[in-house]
Amino acid sequence: MPILANVVVDLFHKGGPIMYPIAVVTVVAVCIFVERVFWWVRFATKRSVKQVDEVYEKLEAGDLAQAIALSAKSSDPVVRMIHHGLNHRHTSMQGALEVAAGQELRDAGRYLSAMDTIVTLAPLLGLLGTVTGIMGSFTSIGGSELAVEKVTGGIGEALIATAAGLGIAIGTLVPMNYFHSRLAGLKFDLEAAANNVLILAVQHGFDKATPKA
């Protein structure tokens, strides 16, 4: 490990000044990745298909009070959305379901735009490092007896910066696409549940309930 750390530090210094913003982007990418992994792990523990089916059964039986009671303290995002819709059936059940679904999707999609920015920004920073490294190489030509070393150093700086930028982009792109797929799956589940609730509500007239006094 100490040897690997020394190699990384050595490459960092050889990569030139552009490595500092690349390092900042790397830290941000790692923090977002860790936060999202923990969020989705917690999310998986909250899902309860059984509880969703139980709420459906109560609604299908016309037992609105029991459906609301079952969904009242649930941590499942789909059940929470259903509960929000049932509680606001007096105004607009469909609107309430859409608002609740939007809140769940917003939480699930947090920081994905930042990851997308990192995927775009990291290669550009690497390209900037390439340009500055090559510029340094050309300005060193014919300047001194050590011009050859400076030229090779500039080329090395360009390659290291490019590799670092591409590595960060590739390392961020894969988990970002995975999180997007999970988000799409949640969106489908929410839409399917909302449609089922609306169909059952129409069948039993829950969507036309009299407002509470």
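Our subject is the structure that appears above.
Residues numbered from 1 in each chain as written. Predicted model: local features only at pLDDT ≥ 70, side-chain atom pairs only at ≥ 80, totals over all residues. Heavy atoms only, no water.

### Description of the packing of aromatic side chains
No. 1: Summed over all chains, the structure comprises five aromatic pairs.
No. 2: Ring centres of F33 and F179 lie 6.5 Å apart, and the angle between their planes is 40°; this geometry places the pair in the tilted category. Of this pair, F33 sits in helix α2 (residues 19-46) while F179 sits in helix α8 (residues 147-204), and the two are 146 residues apart along the sequence.
No. 3: Residue class for F33 comes out partly exposed when judged on its relative accessible area of 37%.
No. 4: Aromatic pair W40 and F43: ring centres 5.0 Å apart, planes at 75°, arrangement edge-to-face. On the criterion of helical spacing, the pair formed by W40 and F43 is a turn pair, its members being three residues apart in helix α2.
No. 5: For F43, a relative accessible area of 9% puts it in the buried group.
No. 6: Through successive ring pairs, a cluster of aromatic residues spans F33, Y178 and F179. (Phe/Tyr/Trp six-rings, centres within 6.5 Å; stacked < 30°, edge-to-face > 60°. Helix = DSSP H or I, 4+ residues; strand = E, 2+ residues; numbered from the N terminus. Buried < 20%, exposed > 50% of the residue type's maximum accessible area, 1.4 Å probe, protein only.)

### A short note on the layout of surface pockets
No. 1: Empty space within the largest pocket amounts to approximately 190 Å³.
No. 2: Looking at the largest pocket, the residues that line it are M81, Q94, L97, E98, A101, L105, K187, L190, E191, A194, N195 and L198.
No. 3: Put simply, the parts of the chain that give the lining of the largest pocket at least two residues each are α6 (93-108) and α8.
No. 4: Per-element tally for the lining of the largest pocket: the top contributor is α8, with six residues. (1 Å grid on protein atoms, 1.4 Å probe; cavity = no way out; pocket = protein on both sides within 12 Å on 5 of 7 lines; lining within 4 Å. Points joined across faces, edges and corners; volume = space filled by probe spheres on them.)

### Points about a nonpolar patch on the surface
No. 1: Taken together, the side chains of V30, F33, V34, V37, F38 and V41 define a hydrophobic patch exposed on the protein surface, amounting to about 490 Å² of accessible area.
No. 2: Summarising the element assignment, V30 is placed in helix α2.
No. 3: For V30, a relative accessible area of 46% translates into the label partly exposed. (Patch = residues over 30% accessible without salt bridge, like charges linked within 9 Å, V, L, I, M, F, W, Y side chains within 5 Å. Areas by Shrake-Rupley, 256 points an atom, 1.4 Å probe, with all protein chains shown as cover. Salt bridge = Lys/Arg side-chain N within 4 Å of Asp/Glu carboxyl O.)

### Quick look at the environment of A114
No. 1: Tracing the chain through its elements places A114 in helix α7 (residues 112-140).
No. 2: Considered as a pair, A114 and M176 are 62 residues apart in the sequence and their alpha carbons are 9.8 Å apart.

### As for the side chain of D76
No. 1: Within the fold, D76 resides in the loop between α4 (64-71) and α5 (77-87).
No. 2: We classify D76 as buried; its relative accessible area is 0%.
No. 3: In this structure, D76 is in contact with K46, R47, S48, Q51 and V52, ignoring residues within four places of it in sequence. (Contact = heavy atoms within 4.5 Å.)

### Here we look at the environment of Q51
No. 1: Residue placement: Q51 occurs in helix α3 (residues 49-60).
No. 2: Linking Q51 and S74, residues 23 residues apart in sequence, is a C-alpha distance of 8.4 Å.
No. 3: Among residues more than four places away in sequence, those in contact with Q51 are L70, S74, D76 and V79.

Functional significance is not addressed by these values, which are geometric in nature.
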